[in-house]
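Structural overview for review
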Amino acid sequence: MADSEKPIVVWHEHSVSRADRETLNNHRGCVVWFTGLSGCGKSTIANVVDQMLYERGVHSYLLDGDNVRHGLNATPEILGARFGEEFGKRFGLGFSQQDREENIRRVGAVAGLMSDAGLVTLTAFVSPYRADRDAVRAGLPEGDFVEVFVDASLETCESRDPKGLYKKARAGEIGNFTGISSPYEAPENAELVLDSNRLTPAELAEQVIEFLEKAGKLKEMK
Ligand SMILES: Nc1ncnc2c1ncn2[C@@H]1O[C@H](COP(=O)(O)OS(=O)(=O)O)[C@@H](OP(=O)(O)O)[C@H]1O
Ligand SMILES: Nc1ncnc2c1ncn2[C@@H]1O[C@H](COP(=O)(O)OP(=O)(O)O)[C@@H](O)[C@H]1O
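Residues numbered from 1 in each chain as written. Chains lettered and ligands numbered in written order. Predicted model: local features only at pLDDT ≥ 70, side-chain atom pairs only at ≥ 80, totals over all residues. Heavy atoms only, no water.

Our working rule: UniProt positions are given in the numbering used here, feature names are shortened, and annotations may be inferred rather than shown by experiment.
The name given to the chain in an unreviewed UniProt entry is Adenylyl-sulfate kinase, with the source organism recorded as Bythopirellula goksoeyrii. The UniProt entry for the chain carries the following text under Sequence similarities (unreviewed entry): "Belongs to the APS kinase family." Listed under Pathway (unreviewed entry) in UniProt, the entry text for the chain is "Sulfur metabolism; hydrogen sulfide biosynthesis; sulfite from sulfate: step 2/3."

Here's what the structure looks like:
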């Protein structure tokens, strides 16, 4: 590509800084990244944490895999139904390793912007590949990424199966299904491991809040 054809994008500095926004919010921003098998409890626990933060006056937002895959990172089927099959194939994200990598890259970028805006940003994605999660961590300022492994065995998740997906995956109706026909790489150095085989979502959410408090993320700044 000739130099004259290269797209030119230049970073623009904003006058309101992250520190300004954190002072206004009276707490720090960060990314709390929930990862684990489908059905391990990511959405449920993150939702309880979100509610607890809200009640404490902490500005938070939950990015949830199932929801984000309806909009920003819509699947080929959803996009195809709206804009045509060709468009869906080009821009939609499915569940191949590469599509999951791009899903997590984009979510990491959005979560980074939201924490820069001073929000405690909660994310609930299977995010099965260690390298993808580590890349999100590496792209954020030191200490911003709090990895929370929601640890539930495949047996536990399969017995919950609220959407009937494991049943379909076992029957071969869904391919590349995490834990069945696609890998899950558990974190090796997560900030927090939640025992979702034994404890309730409320107990586990309490552990997340305690961690955030100890890590100084909820500290008053005024
Ligand atoms: N093949 C396959 N593997 C895993 N999960 C599947 C699959 N197909 C559909 N689903 C449903 O999509 C949800 C996972 O989306 P994510 O964006 O979190 O996945 S990933 O991080 O890109 O791996 C996941 O949601 P949760 O059950 O809430 O985890 C499933 O409901
Ligand atoms: N710690 C837990 N103990 C028992 N049941 C749970 C727990 N966490 C979640 N559940 C239940 O398991 C199912 C799957 O939870 P969900 O939050 O949708 O998982 P994920 O988002 O990881 O797919 C739901 O029916 C939820 O009520």
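1. Description of the site of ligand 2
Keep this limit in mind: We call a residue near a molecule or strand when any one of its heavy atoms sits within 4 Å of it. For the purposes of these results, a polar contact is taken to be a pair of N or O atoms within 3.5 Å, where, inside protein, one atom must be able to donate a hydrogen and its partner to accept one; residues adjacent in sequence count only when each atom of the pair is a side-chain atom. Residue exposure ignores everything except the shown protein chains as possible cover, and the areas themselves are Shrake-Rupley values with a 1.4 Å probe. For helices the rule is a DSSP run of H or I covering at least 4 residues; for strands it is a run of E covering at least 2, with both sets numbered from the N terminus onward.
Around ligand 2, 15 residues are found, and the nearest of them are Gly 39, Lys 42, Ser 43, Thr 44 and Leu 199. Contacts to ligand 2 include Gly 41, whose backbone N or O atom sits 3.0 Å from an oxygen atom. A distance of 2.4 Å is found between an oxygen atom of ligand 2 and a side-chain nitrogen or oxygen belonging to Thr 44. For ligand 2, whose accessible area on its own is 560 Å², the fraction buried by protein is 73%. If you list the elements that add at least two residues to the shell around ligand 2, you get helix H2 (42–55) and helix H10 (201–214). Counting residues per element, the shell around ligand 2 draws most heavily on H2, which supplies three residues.

2. Topic: a nonpolar patch on the surface
To keep things clear, this is the line we draw: Patch membership is restricted to residues that have no salt bridge and whose relative accessible area is over 30%. Joining uses 9 Å for like charges and 5 Å for the nonpolar side chains Val, Leu, Ile, Met, Phe, Trp and Tyr. Salt bridges are counted wherever a side-chain nitrogen of Lys or Arg sits within 4 Å of a carboxyl oxygen of Asp or Glu.
Nonpolar side chains collect at one region of the surface, where Phe 83, Phe 87 and Phe 91 lie side by side and expose about 280 Å² of accessible area between them. In this structure, Phe 87 sits in helix H5 (residues 85–91).

3. Details of the sheet that holds strand S4 (residues 145–151)
Note the following rule: Any two strands with at least two DSSP bridges between them are considered paired. Each axis is a line fitted through C-alpha atoms, and for a helix only the stretch in contact is used; angles between axes span 0 to 180 degrees, taken between their N-to-C directions. By definition in these notes, contact holds between two residues if any of their heavy atoms fall within 4.5 Å.
The five strands are arranged S2-S3-S1-S4-S5 in an open sheet whose pairing can be described as parallel. Looking at which strands have only one partner, the edges of the open sheet turn out to be strand S2 (60–64) and strand S5 (192–195). Adjacent strand axes in the sheet meet at a mean angle of 20 degrees when their direction is disregarded. Running over the sheet, helix H6 (residues 97–116) touches strand S1 (30–35), S2 and strand S3 (120–124) and is turned about 145 degrees from S1.

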